[in-house]
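Each chain is listed here by its residues.
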Amino acid sequence: MLRTEGLGYWYQDKEQPLFQDINLEFEEGQSYAILGHSGTGKTTFLSLIAGLDKPREGDIFLNDRSLKQIGLTNYRRHDVAIVFQAYNLFNYMSPLNNLLTAMAITDASHAGDRGYAQRVLNDLGIGDDLITRNVQRLSGGQQQRVAIARTMCCDAKLVVADEPTGNLDEDNTKEVIDQFQRIAHEQQKCVIIVTHEPDVAARCDHQYRLENKQFVRLA
Amino acid sequence: MNFFKRAWLNVWAKKGRSVLLILVSSAILMFVLAGLLIRSAAVKATETAKTDAGATMTLSANRQAAFKKMQSSSSSSSSKSSRPKLTLTPVKLSDAKSIAKLSNIKNYNVTSSTTANAKSYDTVSTSTGMGGNSSGGPGGMKSTSSSSGDTQIDGVTSTALTTDFTDSQSKITKGRGIKASDKGTNNVVIEKELASQNNLTVGDTMTIKETTGSKSTLKVKVVGIYKASSTSSASAGPMSTDPANTIYASYTLANTIKGSKYAGTADSVTFNVTNPAKASATKKAGNKLISSKYSLSTDDSSYQSIKASMNNVEGFANKIVWLVAIAGTIILALIVILMIRERRFEIGVLLSLGEARWKIVAQFFTEMLMVIVIALAIAGVGGKFVGNQLGSQLVSQSTTTQTTSSGTSSQPGGGGQPGGSGGSGMRGGAGGPGSTTSSAKTKNPDLEIAVSAVDLAELGGFGLAITFLSIMIASGGILRLEPKKILIS
């Protein structure tokens, strides 16, 4: 589904790249974990495959179409859904409106369907009493579940998550990873999670470690 | 059009911020509206001034031509014993009538003044210690007869058209004033002091005695009593009779007293001009109808004074509108820039979802538009109040400035008010030290501040432009924002 070819990135000095000549393939219905220490470039890699930045060299292909061809805005709108460590929900909206807004922007097939959004939230443990409450009044775990629900409501086949459990306790972490596994296996989406927690990575189908400017497959 | 919904949700959810924005926008728009209202009121006031302030055109003897004639006759004359006389030709009413037919003439007032002696009554006497009732004030013309009376007879077409009455310096307190229909009658209007001193009231008759010719007596009928605001003889000059001894009558009666050769003539004729802006064109047309013995002078100083004053107000209002609009745009732009900085994560999320940048800008614009619509309503109510306060302040300042400047400029000489009575001399000489300045009769109109649909539409346009510009200035930041930099740090 998603393929990188000769991907490389550096900030100022080409001689000191974060990573270089990365050739990876990510498939639908699978979950991937990218491990690495802080500053190794795993989040930068995620920003490239999420269409938030352009690679310095190489290319990324979605179903054999270059992201350059697709266009980054178009790609972000229709093909990729992102979950952030800080949730990044619309803080002036309720969980329900967060989902409806995302569905409207991404032209999702269920756009405008309140019932569908409500069901997705309920499935993720956000009850009817919470769905119309302002998201700022929800706990961190609840907010992250709303963020995950947002990715589920959109039609994007690729879900990327940057340290999605970074702010969560053990129980919530387990619950969130379960949800990502469901997205990958039940919704047949490709889930790529960037994390520094080996326990989280261990729950994914595939694990890569970014070290010495290269991705090393762990399992 | 999801951004409409987002805008609404944001405005509704962040009520405190929205209220603050509404207050700031209301204040800006209120001052813009005040400026707009003052400007339109000033324009309206200038238009009104054309009819209300008016302008006058006076037909009188050409003093300059008469003086030249006197000089040439004195140089050609061999006899050095006789002093040359300045002879002014009385205005022919037929000439006045032909001028009155000009399109810009509203009406006219014939003035013919003379003096008579009291017969059946006593005149009001004021002791000033400066001598008796000698003839001719400093601005008056030399009389054709050396004798003068103790009663000033001001013959007019209508008292309502004389400056004393139009400026409310004199007011009818009983009966009525002299009207055009009093032509050929012996009806008179006397001053209140004269009336009370002689127990005269409306309907009574009094007898006056001519000062020239056969010196015959004449019975006149009191049809009205007026009160002059100033009856001190000092105000009319040291040489004149007490103003309370001034009797208003039809010009025909004044002419009768002056003598038969004055029939169908006048000292001067004052024409009220319909459109003061065209006063000089009317004067030009009028000059073509008269001979060089007469001269036409225009007095549109009232109109010019009001016009200048209103132009000042209008100019200042314009400056208010633009200064407030520019300052408002800058203030709103700064607020929006701060708002955008505060909401950069939201923008990042929107960009990460693939939202178009223009739609993000449109969301901010819609939010501000909602704020502006409410602010417009508030400004619509408050703007009238601010406009009234500001407008009256401006008018009073402007009036002070205008009166000061016009009072200073018109002091030496002026437009021919009587300096005193002088037998059968003609009213309104070339203006001596006794002439009053035109600024004295200038009355600036109050600004009528009213909010019209046009004003609100114009304010809406300004509001929209301010919002649009402030969002455009601030959106430079939105367009430069990179989602990666915002979301992944």
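Let me begin by describing the structure that accompanies this report. All values derive from a computational prediction rather than experimental measurement. Every chain is numbered independently, its residues counted from 1 as its sequence is written. Ligands are numbered from 1 and chains lettered from A, in the order in which they are written. In view of the model being predicted, local features appear only for residues whose pLDDT reaches at least 70, and side-chain atom pairs are presented and counted only at 80 or more, with totals across whole chains, interfaces and linings using the full set of residues. In computing side-chain properties, one takes all heavy atoms of the structure into account and sets aside hydrogens as well as water.

This part covers the packing of helix α4 (residues 95–105) of chain A against helix α6 (residues 140–153) of chain A. Residues and elements named next belong to chain A. For every element, the axis is a line fit to its C-alpha atoms; helices are fit only across the contacting stretch, and the angle between N-to-C directions ranges from 0 to 180 degrees. Strands here are runs of E lasting at least two residues and helices are runs of H or I lasting at least four, both read from the DSSP assignment and numbered beginning at the N terminus. Axis separation between α4 and α6 bottoms out at 9 Å; the angle between their running directions is 30°. In this structure, α4 meets α6 at a crossing whose hand is right-handed. Seen from α4, the contacting residues are Pro95, Asn98, Leu99, Ala102 and Met103; seen from α6, they are Val146, Ala149, Arg150 and Cys153. Nonpolar residues are Ala, Val, Leu, Ile, Met, Phe, Trp, Tyr, Cys and Pro. Charged residues are Asp, Glu, Lys and Arg, and all others, Gly as well, are polar. Here the residues of the contact of α4 with α6 sort into 7 nonpolar, 1 polar and 1 charged. For any pair of crossing helices, the crossing counts as left-handed if the nearer helix is rotated counterclockwise from the farther one by less than a right angle, and right-handed if it is rotated clockwise. In this analysis, two residues are considered to be in contact whenever any of their non-hydrogen atoms come within 4.5 Å of each other.

Next up on the list: helix α8 (residues 279–287) of chain B. Residue and element names in this part refer to chain B. Within α8, the full set of buried residues consists of Ala279, Thr282 and Gly286. Viewed along the axis of α8, the buried residues span an arc of 60°, placing them on a single side of the element. Of the residues in α8, the exposed ones pointing more than 90 degrees away from the buried face are Ser280 and Lys284. The inward-facing, buried residues of α8 contact β1 (55–61), α4 (93–100), β3 (105–118), β11 (268–273) and β12 (294–299). Burial here depends on accessible area, computed with a 1.4 Å probe over protein chains only, as a share of the maximum for the residue type. Under 20% is buried, over 50% is exposed, and the range in between is partly exposed. The arc in question is traced by the directions running from the helix axis to the C-beta atoms.

The method works on a 1 Å grid over the protein atoms by themselves. A cavity is a set of points holding a 1.4 Å probe that cannot get out, a pocket is an open set with protein on both sides within 12 Å along at least five of seven lines, and residues with an atom within 4 Å of a point line them. Grid points are joined across faces, edges and corners, and a volume is the space filled by probe spheres set on the points. Tallied over the full model, the rule gives 1 cavity of 30 Å³ or more. Lining the largest cavity, in full, are Arg76, Val80, Ala81, Ile82, Thr106, Arg150, Thr151 and Cys154 of chain A together with Ser352 and Leu353 of chain B. When contributions to the lining of the largest cavity are tallied by element, the ones reaching two or more residues are β7 (80–83) and α6 of chain A. Residue contributions to the lining of the largest cavity peak at 3 residues, all from β7 of chain A. Grouping the amino acids of the lining of the largest cavity by side-chain chemistry returns 5 nonpolar, 3 polar and 2 charged.

Let us now look at the interface of chain A and chain B. In this complex, chain A contributes 27 residues to the contact, which on the side of chain B involves 23 residues. Surface buried jointly by chain A and chain B totals about 2000 Å² across both partners, of which 64% is contributed by carbon and sulfur atoms. Summed over the three residues of chain A that lose the most area to chain B, namely Leu52, Tyr92 and Ile105 of chain A, the buried surface amounts to 32% of that side. Any Lys or Arg side-chain nitrogen located within 4 Å of an Asp or Glu carboxyl oxygen qualifies as a salt bridge. Inspection of the chain A/chain B interface yields 1 salt bridge. Residue Lys484 of chain B is joined to Asp53 of chain A by a salt bridge in which the shortest nitrogen-to-oxygen separation is 3.0 Å. Contacts described as polar in this section are N or O atom pairs within 3.5 Å, which, within protein, must combine one atom able to donate a hydrogen with one able to accept it, while residues neighboring in sequence count only if both atoms come from side chains. Our enumeration of links across chain A and chain B arrives at 8 residue pairs in polar contact (both at pLDDT 80 or more). Every element with two or more residues in the side of chain A that touches chain B is listed here: α1 (42–49), α3 (72–78) and α4 of chain A. Among the elements that make up the side of chain A that touches chain B, the one with the highest residue count is α4 of chain A (6 residues). Summed over both partners, the accessible area lost on bringing two parts together, with a 1.4 Å probe, is the buried area.

Residues and elements named next belong to chain A. Within the largest apolar cluster, 90 residues are counted, with the highest numbers of intra-cluster contacts made by Phe45 and Ile192. Excluding anything up to four places from it in sequence, Ile192 contacts Leu2, Phe26, Tyr32, Ile34, Leu46, Ile49, Leu158, Val159, Val160 and Ala161. As used here, the term nonpolar core means buried Ala, Val, Leu, Ile, Met, Phe, Trp, Tyr and Cys residues forming a set that is joined through side-chain atoms within 4.5 Å. With 41 residues, the next largest nonpolar core counts Leu35, Leu96, Leu99 and Phe180 among its residues.

The full count for this structure, using the stated rule, is 13 salt bridges over all chains. We note a salt bridge from Asp178 of chain A to Lys174 of chain A, for which the minimum N-O separation is 3.6 Å. A residue pair is termed a helical-turn pair when its members lie 3 or 4 positions apart in one helix, as Asp178 of chain A and Lys174 of chain A do in helix α7 (residues 170–185) at 4 residues. On the basis of relative accessible area, Asp178 of chain A is assigned to the partly exposed category, the value being 26%. Ionic pairing is found between Arg182 of chain A and Glu186 of chain A, a salt bridge with its closest N-O pair at 3.6 Å. Take Arg182 of chain A: its relative accessible area is 28%, and that puts it in the partly exposed class. Taken together, the shared-partner salt bridges in this structure form one network comprising Arg17, Arg343, Glu346 and Glu367 of chain B.

Before going further, it helps to spend a moment on the packing of α4 of chain A against helix α1 (residues 2–13) of chain B. With their axes 10 Å apart at the nearest point, α4 of chain A and α1 of chain B run at an angle of 155° to one another. It follows from the interaxial angle that α4 of chain A and α1 of chain B lie roughly antiparallel. Crossing of α4 of chain A against α1 of chain B: the hand is left-handed. On the side of α4 of chain A, the interface is formed by Asn97, Leu100, Thr101, Ala104 and Ile105 of chain A, while α1 of chain B contributes Asn2, Lys5, Arg6 and Leu9 of chain B. For classification, angles of less than 35 degrees are called roughly parallel, those exceeding 145 degrees roughly antiparallel, those between 65 and 115 degrees roughly perpendicular, and all remaining angles oblique.

All names here are of chain B. Counting buried positions over the 8 residues of helix α7 (residues 251–258) gives 7, a clear majority of the element. Of the positions making up α7, those classed as buried are Tyr251, Thr252, Leu253, Ala254, Asn255, Ile257 and Lys258. One or two positions beyond α7, positive phi appears at Gly259, with a value near 135°.

Side-chain rings of Phe, Tyr and Trp, where Trp is taken by its six-membered ring, are said to pair if the distance between their centres is within 6.5 Å; with planes under 30 degrees apart they count as stacked, over 60 as edge-to-face, and otherwise as tilted. Under the counting rule described, the total for this entry stands at 17 aromatic pairs over all chains. An angle of 20° between the planes, with centres 5.5 Å apart, marks the rings of Trp8 of chain B and Trp12 of chain B as stacked. Of the two residues, Trp8 of chain B and Trp12 of chain B both sit in helix α1, 4 residues apart, roughly one turn of that helix. The class of Trp8 of chain B is partly exposed, set by a relative accessible area of 44%. When the ring of Phe365 of chain B is compared with that of Phe468 of chain B, the centres are 6.0 Å apart and the planes differ by 90°; the resulting orientation is edge-to-face. Of this pair, Phe365 of chain B sits in helix α11 (residues 357–409) while Phe468 of chain B sits in helix α12 (residues 453–480), placing them 103 residues apart in sequence. Taken together, the aromatic side chains of Phe19, Phe26, Tyr32, Phe45, Tyr208 and Phe215 of chain A make up a single cluster linked through ring pairs. Between Arg3 of chain A and the ring centre of Phe61 of chain A, over which it is positioned, the NZ or CZ distance is 4.7 Å. Remark: a charge is flagged as sitting over a ring if the NZ atom of Lys or the CZ atom of Arg is within 6 Å of the ring centre and within 35 degrees of the ring normal.

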